[in-house]
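Below, each chain spelled out in residue letters.
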Amino acid sequence: MNEEDTTLPLSLLVSRRVIEETVSRLAAQISDDYREKHLVAVGVLKGAFIFMADLVRQIDVPLEIDFVTVSSYGSGTNSSRTITMHQDITTDVSGKDVLVIEDIVDTGHTLCYLADHLKARGARSVRLCALADKPSRREQDVTIDYLGFTVPDQFVVGYGLDFDNRFRYLPDIYALEAHHDQG
Ligand code: 5GP
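The structure presented is a predicted model; accordingly, all values stated were derived computationally and were not measured. Every chain's residues receive numbers from 1 upward, in the order its sequence appears when written. Owing to the predicted nature of the model, reporting of local features is limited to residues with pLDDT of at least 70; listing and counting of side-chain atom pairs is limited to 80 or more, with chain, interface and lining totals taken over all residues. The basis for every side-chain value is the complete set of non-hydrogen atoms in the structure, without hydrogens or water.

Student: Give me the lowdown on the site of the ligand, citing residues and values where you can.
Tutor: The nearness test applies per residue and asks whether one of its heavy atoms lies within 4 Å of the molecule or strand. Near the ligand, the surroundings consist of 15 residues, among which Thr-107, Thr-110, Lys-134, Val-156 and Asp-162 are the closest. Here a polar contact is recorded for every N or O atom pair within 3.5 Å, except that within protein the pair must consist of a potential hydrogen donor and a potential acceptor, and residues adjacent in sequence are included only if both atoms are side-chain atoms. Gly-108 is positioned with one of its backbone polar atoms (N or O) 2.9 Å from an oxygen atom of the ligand. Taking Thr-110, its side chain carries an N or O atom lying 2.5 Å from an oxygen atom of the ligand. The accessible surface values rely on the Shrake-Rupley method and a 1.4 Å probe; as for residues, cover is taken only from the protein chains in view. Notes on the ligand: free accessible area 510 Å², of which the protein chains cover 85%. A helix here means a DSSP run of H or I that spans at least four residues, while a strand means a run of E at least two residues long, and both kinds are numbered starting from the N terminus. If you list the elements that add at least two residues to the shell around the ligand, you get β5 (97-105), α3 (109-120) and β8 (155-157).

Structural data, given as structure tokens:
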């Protein structure tokens, strides 16, 4: 970890060894389920980039890869939360089986929005894969078809996840202590 990043209090939550085992388990399940399908993995940037890279290298069925960049703004209530799509997929997903790859599910608004969006683009099926879930914060009912692990209601960083664009490069996942602004 670089020196500047040691100024905030981080506590180890999920070690790289546990992450590695989790990614292998998810990749095995996905490979089994998509053998006869036309898989398109859609990563949600930026947070999912490391998870996605590790996961797709362990999936042993052919797949296409694309990305979306989205951000979510609002007070956290159903009525006021807005998801903005900054970069859409360029792959034609009509008639294909889309798997959305997300770093962490919090309120659920982002995945709900993406599932609707990708179905509207003609995908034959849309399933969701998330490395981490914070179920205590859910506002939208989403089914995570492939889930790594649940985490407590804390802000987490590392393994692609940032705080103010910092910490993404850390190989383990940490809780950022005493951080309350989950924007
Ligand atoms: P949702 O729409 O489910 O509320 O938000 C999901 C997005 O919020 C994630 O893709 C992620 O970018 C961000 N997010 C939610 N919780 C955390 C967290 O604990 N740490 C980080 N770094 N991002 C989070």
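Once you've had a look at it, read on.
Student: Could you give an account of helix α1 (residues 16-33), with specific residues and numbers?
Tutor: A helix is expected to span 1.5 Å for every residue after the first. Over its 18 residues, α1 extends 26 Å from the first C-alpha to the last, a length consistent with the 26 Å expected when each residue adds 1.5 Å. If you check which residues of α1 are buried, you get Ile-19, Thr-22, Val-23, Leu-26, Ala-27, Ile-30 and Ser-31. For α1, the buried positions fall inside an angular range of 165 degrees around the axis, keeping them on one side. Of the exposed residues in α1, the ones pointing more than 90 degrees away from its buried face are Arg-17 and Asp-32. Using a 1.4 Å probe on the protein chains alone, a residue whose accessible area is under 20% of its type maximum counts as buried, one over 50% counts as exposed, and one in between counts as partly exposed. Note that the arc is computed from the directions linking the helix axis to the C-beta atoms.

Student: Can you explain the sheet that holds strand β9 (residues 173-176)? Please cite residues and give values.
Tutor: Pairs of strands are assigned from DSSP output, requiring at least two bridges between the strands. Taken in spatial order, the 3 strands of this open sheet run β1-β9-β8, and their pairing is antiparallel. Bordering the open sheet on either side are β1 (10-14) and β8, each of which pairs with just one other strand. Within this sheet the neighbouring strands show an average axis-to-axis angle of 40 degrees, counted without direction. Of the pairings in the sheet, the one linking β1 to β9 comprises 4 bridges and is antiparallel in character. Pairing of Leu-12 across the sheet is with Tyr-174, part of β9. Interaxial angle, 0 to 180 degrees, is taken between N-to-C directions of lines fitted to C-alpha atoms, where a helix line uses only the stretch in contact.

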